[in-house]
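Inside the fold
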2 protein chains.
Amino acid sequence: MTRPVLAASVALAAFAASAVPVQADEGMWTFDNFPADKLEAAYSWAPDAAWLERTRLSAVRLTGGCSASFVSGEGLILTNHHCVASCLFDNSTGDNDLLKNGFIADRREDEKACPGQQAEVVMSITDVTDTVKSAFAGLEGEALTRARDAAIARIEDEGCTDRETMRCQVVTLFGGGQYKLYTYRKYSDVRLVWAPEDRAATFGGDPDNFNFPRYSLDGSFLRAYEDGRPVTPEAHLSWNPRAPEEGELTFVVGNPGSTARLMTESQRAFEREVRLPVTLATLSELRGRLISAMEVSEEREREGLDLLSGVENSLKVYIGRTTALNDPEFTGKMAAAEAELRELSADNAAIGDPWAEVDEAVQAYRALYLPYRFIDPSGDLYGYAQALVMAAQEREKPNAERLPGYTDSALPLLEKRITDERPVYPWLDELYMGWSLSKAREYLGVDDADSQLLLGKESPEQLSERLVTGTRLADPDYRRQLWEGGIAAIEASDDPMIQYALTLLPRQRELQQQVDEAYAGPLAAAGAELADARFAAYGDSLYPDATFTLRISYGQVKGWVERGNQVPIATTMGGTFERATGNPPFDLAPAFAANRDEIDPDVTYDFVTTNDIIGGNSGSPVIDRNGTVIGAAFDGNIHSLGGNYGYDGTLNRTVVVSAAAIQEALETIYPAPALVAELEAR
Amino acid sequence: MTRPVLAASVALAAFAASAVPVQADEGMWTFDNFPADKLEAAYSWAPDAAWLERTRLSAVRLTGGCSASFVSGEGLILTNHHCVASCLFDNSTGDNDLLKNGFIADRREDEKACPGQQAEVVMSITDVTDTVKSAFAGLEGEALTRARDAAIARIEDEGCTDRETMRCQVVTLFGGGQYKLYTYRKYSDVRLVWAPEDRAATFGGDPDNFNFPRYSLDGSFLRAYEDGRPVTPEAHLSWNPRAPEEGELTFVVGNPGSTARLMTESQRAFEREVRLPVTLATLSELRGRLISAMEVSEEREREGLDLLSGVENSLKVYIGRTTALNDPEFTGKMAAAEAELRELSADNAAIGDPWAEVDEAVQAYRALYLPYRFIDPSGDLYGYAQALVMAAQEREKPNAERLPGYTDSALPLLEKRITDERPVYPWLDELYMGWSLSKAREYLGVDDADSQLLLGKESPEQLSERLVTGTRLADPDYRRQLWEGGIAAIEASDDPMIQYALTLLPRQRELQQQVDEAYAGPLAAAGAELADARFAAYGDSLYPDATFTLRISYGQVKGWVERGNQVPIATTMGGTFERATGNPPFDLAPAFAANRDEIDPDVTYDFVTTNDIIGGNSGSPVIDRNGTVIGAAFDGNIHSLGGNYGYDGTLNRTVVVSAAAIQEALETIYPAPALVAELEAR
């Protein structure tokens with residue numbers, strides 16, 4: 001599934017800059033730099049400004065890490081099933097497993113709130129590059145990152161006076177080449193409307209994930225509310241439940257999470273040599289721990305499913321990246337692109353040697369990486385504690401001096417995430433936290449000072465059990481009380497998880513500072529130079545690396561050749577019944593089995609396009625040239641996993657659940673006549 | 001622990017050939033090519049022929065995958081605790097957990113048989129290179145491997161007429177540069193005499209494994225029997241429970257399992273790019289599955305421990321190898337060595353281009369690797385089935401036409417392994433088999449023909465449950481019945497596991513044939529050329545890669561510098577009490593806690609030497625220049641994990657449990673006065 005991969009540690013902005021020789025259909029373009037000429041040249045057509053504006057105003061970012069779109073004038077939102085899985089999970093109980101059974105709100109008042117979820121629409125994009133860059137001119141290392149972050153906090157603060165309905169975010173593009181202020185209309189009350197059974201969406205499970213041909217109903221609907229009423233968005237897309245045509249032009253509009261397409265050689269070496277092996281081994285162990293722990297009972301099977309799915313999805317992504325970076329042909333192209341840019345920049349006196357600066361920063365980061373990665377234990381309860389403690393401390397400072405993520409513009413969403421009611425399963429949190437502590441000890445070593453800070457004399461299992469059992473943080477009222485009580489409440493708390501977070505925080509801050517000084521600061525400076533080098537060499541019709549901000553990609557409905565065999569563009573719903581074995585994860589969803597005779601076998605189910613997407617794009621509307629929505633992107637094929645580093649138009653594909661299949665489900669399998677009427681009203 | 005790593009698939013002989021610029025103390029030397037001059041030059045002393053012969057005759061190979069030595073005239077054998085852990089485990093019951101509690105046989109008649117274990121002593125080494133090489137002269141691919149294997153079967157058959165007490169094995173050295181017939185005196189009745197509590201041996205558990213300073217009592221005693229009586233070996237080592245002296249010369253005599261020190265660049269690339277990432281991810285998941293499954297009950301904790309320890313040990317080895325092959329400084333040295341040999345061979349007309357031949361073979365192997373790796377499911381019960389079926393089919397053929405492992409010289413040990421009584425835990429076998437099938441499907445893909453052959457329409461969990469539940473192979477009598485009944489019994493059997501093995505076998509044979517044709521055959525030919533190139537360039541004072549056959553290494557008692565700090569040569573028993581936290585795996589073994597006041601805190605516990613060893617050397621006697629045994633090698637430090645590819649004398653260390661510590665344990669902690677008297681009798 002094309003959802004953002006689990007960050008194994010605090011994610012630092014990877015280098016972002018446009019790929020050099022942009023291939024046909026390559027690119028995750030910003031709306032303020034849409035390559036209309038390029039598209040016109042390739043497809044003899046390009047959208048006009050009105051088309052682009054309507055599309056932008058219809059596009060929704062879901063803060064849970066997905067993309068979506070308005071598809072009715074009453075705030076109805078189309079996205080993927082896997083983007084609402086957490087919401088289904090959070091609203092489930094032992095008696096009523098919404099994730100497993102699916103959900104249909106017969107009436108508006110039955111629609112269910114999604115904890116932590118917020119819908120956001122881009123209203124404007126403003127260039128603030130000069131303001132930010134001049135704030136840190138002449139500075140280095142941590143001083144640079146502090147000055148930069150202060151400037152950003154100020155711009156965000158001034159940009160959005162109404163924090164109830166607006167959100168301001170300065171986005172770093174091209175690894176520091178550009179800074180843009182994105183202003184969002186936000187809707188912080190998002191509710192569940194319709195979702196199929198989990199097995200309908202996850203038919204084929206992990207084995208079929210990132211594969212095609214595929215038979216997945218990975219679509220769902222949400223609705224945005226404000227003041228208890230459905231919102232009327234400024235624009236929405238028309239629903240068009242038709243079959244795609246081979247070769248037709250398609251647009252995917254959404255929020256690709258992150259890419260690292262113009263990492264330098266030393267950055268890719270770090271990924272391949274250090275980060276990916278550690279990630280593969282540790283995440284695989286977590287997967288195994290979850291699989292066995294969930295077999296204990298049906299209850300645990302249900303309670304662990306959301307985390308396991310996320311882990312398996314991320315693991316598949318990391319395995320795909322490992323494969324890509326261990327493919328000499330693939331990496332050879334990147335090395336060649338770097339060599340070309342170096343050559344083109346050789347005579348440009350304005351460009352120093354940013355590659356050497358990056359090398360040095362990466363070298364320094366290698367020494368900091370393991371403690372920096374492992375100093376943050378995992379687990380929902382620890383996560384609440386850390387955010388509460390950090391927020392309380394940061395809120396004591398003036399806005400411009402706070403760490404990113406704790407500025408005034410960021411606090412409302414953080415508060416919502418901390419205080420929204422969500423179920424916590426102690427066995428699961430213990431497992432997750434215990435695993436992370438045991439991996440910390442393994443990679444740092446028993447005698448390491450950070451290892452000892454994390455564990456004291458306790459074992460990972462004991463410590464996590466003691467903290468999870470002893471904390472009151474599963475109670476949202478208690479979390480609200482601590483949030484509102486600020487630093488005084490935190491320091492007075494005898495909650496063991498809060499106290500644990502307080503113990504770790506000084507060292508976490510110290511490591512962050514060291515990383516900023518030796519790595520993030522130098523990267524920001526070098527990133528700006530590298531971006532300048534690229535603009536000088538290739539002009540400004542480039543796209544930046546993905547940053548979980550709104551992008552548009554164009555492409556076409558097209559199969560590919562897999563080991564000599566042509567893969568067709570689409571599957572049909574009838575194919576599901578042929579692929580089913582009766583055994584998980586290839587067992588039919590009960591409603592599919594029950595309605596087998598009613599389901600039209602010829603309806604297009606899933607299809608593929610050449611659009612350039614990545615995790616975070618999940619739920620993105622797939623739009624035809626008329627601006628109508630013909631599906632929702634939910635995955636990439638296996639080749640697209642290397643897309644983090646580079647796009648290969650012959651192999652990389654977006655996988656889409658068709659609007660036609662969703663329509664068939666709404667009519668025949670999971671009937672929702674009111675919803676059908678709402679979609680048809682357009 | 002320096003035990004052989006779990007083979008994730010059938011291990012093909014890796015290239016074996018001596019390292020080029022042999023460093024001080026580097027080398028796992030064969031007894032028929034001991035570098036006395038080199039040692040004399042470095043240490044002004046070298047053992048004479050009598051010393052070497054006595055040592056060789058005292059050295060024991062344990063077919064379970066370890067090394068050992070006779071230390072009394074009554075067949076007493078010194079080895080590691082972790083080498084007898086499976087025996088303790090197999091002799092344990094819910095009521096009497098020998099692994100946990102340790103074991104002391106007060107009387108000879110209490111000594112307990114170790115299933116599958118056999119002790120072997122090298123009696124002679126004969127060069128058969130010409131006979132083998134001439135048998136395949138002019139052949140290629142699979143024809144070459146068939147002719148070679150037939151010649152080997154013939155030599156082994158003719159070499160050992162008495163199969164009750166002798167074993168003959170032709171060993172391929174230098175990747176095909178030499179073939180030597182090793183003749184062993186074998187003792188197939190090996191019994192447990194003395195073992196400390198598991199926690200005394202595994203204090204610090206997985207976190208401290210492959211680390212030093214260390215506080216581990218990883219020593220145990222076995223005894224070889226014949227006709228129900230203890231054997232009188234031709235020679236044995238004198239027991240010398242003294243402290244080691246810094247800088248003193250030490251010898252380690254044992255059976256290093258395998259090394260890959262002169263892989264070519266393309267072979268190392270295959271390891272780094274393909275084999276290691278798959279291994280890391282899959283084995284880590286198995287580790288996680290075991291950890292959670294064992295938490296369910298104390299019984300499962302006990303039943304799963306042996307497999308988990310093996311998995312964690314292997315995983316640490318693979319992680320160490322990954323780190324080594326991702327260290328450009330380390331790999332740079334190997335690339336330089338290859339470049340030097342190529343240059344030195346450039347004018348040697350007798351040498352073709354073996355590097356290109358290897359490149360081509362590795363390229364072909366890349367395409368075969370995943371099916372070849374995953375076509376063999378894991379699990380004890382499946383393992384029995386496969387061996388029974390394969391043996392029954394192979395025994396129908398003339399000796400010289402059988403696959404290696406099924407020739408007359410190999411059958412007695414195979415029969416013993418299959419028919420010895422050993423406990424089987426169905427939940428564990430189901431987990432292990434289910435895991436391997438699920439990884440097969442993941443890496444081969446759902447739609448792959450091999451995947452479908454393995455699973456049919458069942459899920460991995462269902463299939464393994466059905467087979468493990470339905471089979472009678474846990475019963476040793478049934479296994480004996482099938483063994484003795486041969487092909488007719490196998491084909492008549494309605495046992496589902498036997499039938500499953502029969503289903504898979506044709507494809508397994510086909511893949512083996514393809515691998516022989518495209519990979520093993522070409523490698524054997526290229527290996528011989530590469531060995532010739534090395535002999536021509538560097539003379540014949542070289543050591544071959546490890547092959548789980550007897551070797552001797554020399555070195556000295558010496559610490560190393562770790563991140564600027566000098567690591568001392570030894571720990572003392574008193575240090576255990578300082579390191580103990582009270583929590584697993586840093587909790588004291590009960591007998592340590594109970595005897596704290598009696599244990600002499602100053603006794604040397606574990607110590608390090610520069611000897612060059614690897615997995616399989618576990619249990620090797622550490623011998624001083626007088627030929628007395630001052631300890632048992634049980635581990636390497638973390639740097640030694642790269643030793644698979646190359647030895648670095650500044651960092652690689654052998655970790656030894658001192659004879660002095662074992663003596664202290666025999667006297668004070670786990671008293672065994674008869675054993676002390678036997679050892680002192682010398």
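Residues numbered from 1 in each chain as written. Chains lettered and ligands numbered in written order. Predicted model: local features only at pLDDT ≥ 70, side-chain atom pairs only at ≥ 80, totals over all residues. Heavy atoms only, no water.

In the nomenclature of an unreviewed UniProt entry, chain A corresponds to Dipeptidyl-peptidase from the organism Aurantiacibacter flavus.

Turning chain B through 180° and shifting it by 0.0 Å along the axis lays it on chain A, with an RMSD of 0.0 Å. Such values leave the two copies arranged in the relation of a two-fold axis. Here 100% of the contact residues of chain B are again contact residues in chain A; the copies associate through an equivalent surface. (Least-squares fit on C-alpha atoms with pLDDT ≥ 70 in both. Contact = heavy atoms within 4.5 Å.)

Moving on, we get to the pairing of strand β20 (residues 628-636) of chain A. All names here are of chain A. Most of β20 sits inside the fold, with nine of its nine residues counted as buried. In the sheet, strand β12 (residues 238-239) pairs with β20 via two bridges, with the strands oriented parallel. Bridged to serine 238 within β20 is threonine 628. Here three bridges tie strand β19 (residues 621-623) to β20, and the two strands are oriented antiparallel to one another. Residue pairing across strands places isoleucine 623 opposite valine 629, the latter belonging to β20. Here five bridges tie β20 to strand β21 (residues 654-658), and the two strands are oriented antiparallel to one another. Bridge pairing in β21 links aspartate 635 to valine 655. (Buried < 20%, exposed > 50% of the residue type's maximum accessible area, 1.4 Å probe, protein only. Helix = DSSP H or I, 4+ residues; strand = E, 2+ residues; numbered from the N terminus. Pairing = 2+ DSSP bridges.)

This brings us to a negative patch on the surface. Residues Glu295(A), Glu298(A), Glu301(A) and Glu461(B) make up a contiguous surface patch of negative charge. Turning to its location among the elements, Glu295(A) is positioned in the loop between α9 (265-294) and α10 (298-325). When its relative accessible area of 54% is taken as the criterion, Glu295(A) is described as exposed. (Patch = residues over 30% accessible without salt bridge, like charges linked within 9 Å, V, L, I, M, F, W, Y side chains within 5 Å. Areas by Shrake-Rupley, 256 points an atom, 1.4 Å probe, with all protein chains shown as cover. Salt bridge = Lys/Arg side-chain N within 4 Å of Asp/Glu carboxyl O. Lys, Arg positive; Asp, Glu negative; His and termini not counted. Charge placed at Lys NZ, Arg CZ, Asp CG, Glu CD.)

The next subject is the side chain of Glu394(A). Residues and elements named next belong to chain A. As for its placement among the helices and strands, glutamate 394 is situated in helix α13 (residues 380-394). Polar side-chain contacts of glutamate 394 include one of 2.7 Å to the backbone nitrogen of leucine 403. Among residues more than four places away in sequence, those in contact with glutamate 394 are Glu401, Arg402, Leu403, Tyr406 and Arg509. (Polar contact = N/O pair within 3.5 Å; in protein donor to acceptor, adjacent residues only side chain to side chain.)

Bringing the environment of Asp149(A) into the picture now. Residue and element names in this part refer to chain A. Along the chain, aspartate 149 turns up in helix α6 (residues 141-159). On the accessibility criterion, aspartate 149 (16% relative accessible area) is buried. Remark: the alpha-carbon pair of aspartate 149 and glutamate 401, spanning 252 residues in sequence, is separated by 7.9 Å.

Attention now moves to the state of the cysteines. Residue and element names in this part refer to chain A. Applying the stated criterion to the full structure yields six disulfides over all chains. Note that cysteine 66 is cross-linked by a disulfide to cysteine 83, the S-S spacing being 2.1 Å. Its S-S torsion of about -80° marks the bond between cysteine 66 and cysteine 83 as left-handed, since a negative value means left-handed. Residue cysteine 66 is found in strand β2 (residues 66-70), and its partner cysteine 83 is found in helix α3 (residues 81-90); the two are separated by 17 residues along the sequence. (Disulfide = S-S within 2.5 Å.)

Chain B puts 39 residues into the contact, and the matching count from chain A is 39 residues. Counting the surface lost from both chain B and chain A, the interface buries some 3,100 Å², and carbon and sulfur atoms represent 52% of this. One salt bridge in this structure joins Asp447(A) and Arg579(B), with 2.8 Å as the shortest N-O distance. Taken together, chain B and chain A are joined by 16 residue pairs in polar contact (both at pLDDT 80 or more). Of all the secondary-structure elements, those providing two or more residues to the side of chain B that touches chain A are α8 (205-208), α9 (265-294), α10 (298-325) and α15 (426-444) of chain B. In terms of residue count, α9(B) provides more of the side of chain B that touches chain A than any other element does, 13 residues in total. Broken down by class, the residue content of the side of chain B that touches chain A amounts to 16 nonpolar, nine polar and 14 charged. (Buried area = accessible area lost by both parts, 1.4 Å probe. Nonpolar A, V, L, I, M, F, W, Y, C, P; charged D, E, K, R; others polar.)

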